[in-house]
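Observations on the three-dimensional arrangement
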Amino acid sequence: MSALPDETLRKILVQIQQSAVQSQRSLNLTKQQCAAKERERRIVQLTISEISSVGRDVNLYKGVGKMFMMVPQKAMEQELKTQEKELTDEVNSLNKKSKYLEKQFNDAQARLRDIFHHAPGQ
């Protein structure tokens, strides 16, 4: 590494640092999105369990804009289960993205450690 000019070495370090910072920001954003989707999925699960516990003769209403429309219980349950499945898929996708970003961040940190560890003493 000592064969590289100081300016080139500085550019490499700045690039690795920027990569680490960008990965960390993306990781934090992804974790926040995952937590929000997880909360939303939990709400849908609770709604499904509440709808299942009420009798079949109870009227269910769905908010549409500024009004409410009566919806059959089967249709409401099916819609909520579809929504739950979509949210589960999104959470799984965000978890995969989070693992990738974590690995990217750790790799950038490891490269920085290697550069400073192997740098000649000044």
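Presented here is a report on the structure given in the accompanying data block.

What counts and how
Residues numbered from 1 in each chain as written. Predicted model: local features only at pLDDT ≥ 70, side-chain atom pairs only at ≥ 80, totals over all residues. Heavy atoms only, no water. Salt bridge = Lys/Arg side-chain N within 4 Å of Asp/Glu carboxyl O. Helix = DSSP H or I, 4+ residues; strand = E, 2+ residues; numbered from the N terminus. Contact = heavy atoms within 4.5 Å. Patch = residues over 30% accessible without salt bridge, like charges linked within 9 Å, V, L, I, M, F, W, Y side chains within 5 Å. Areas by Shrake-Rupley, 256 points an atom, 1.4 Å probe, with all protein chains shown as cover. Buried < 20%, exposed > 50% of the residue type's maximum accessible area, 1.4 Å probe, protein only. Pairing = 2+ DSSP bridges.

1. Brief notes about the pattern of salt bridges
Any two side chains of opposite charge can pair, given that their charged atoms come close. What the rule picks out here adds up to six salt bridges. Residue K62 pairs with E79 through a salt bridge whose shortest N-O separation is 2.7 Å. Within this pair, whereas K62 is found in strand β1 (residues 60-64), its partner E79 is found in helix α2 (residues 73-118), the two being separated by 17 residues in sequence. Across the pair D107 and K103 runs a salt bridge, and its minimum N-O distance is 3.2 Å.

2. Some details on the side chain of S23
With respect to the helices and strands, S23 occurs in helix α1 (residues 6-53). When neighbours within four sequence positions are excluded, S23 is seen to be in contact with L101, Q104 and F105.

3. Focus: a nonpolar patch on the surface
A cluster of nonpolar side chains, namely Y61, F68 and M70, defines an oily patch on the protein surface of about 400 Å² accessible area. Relative to the helices and strands, F68 is located in strand β2 (residues 67-71). Residue F68 is classed as exposed on the basis of its relative accessible area, which comes to 63%.

4. Things to note about the pairing of β2
Pairing between β1 and β2: five bridges, direction antiparallel. The partner of Y61 across the bridge, within β2, is M70.

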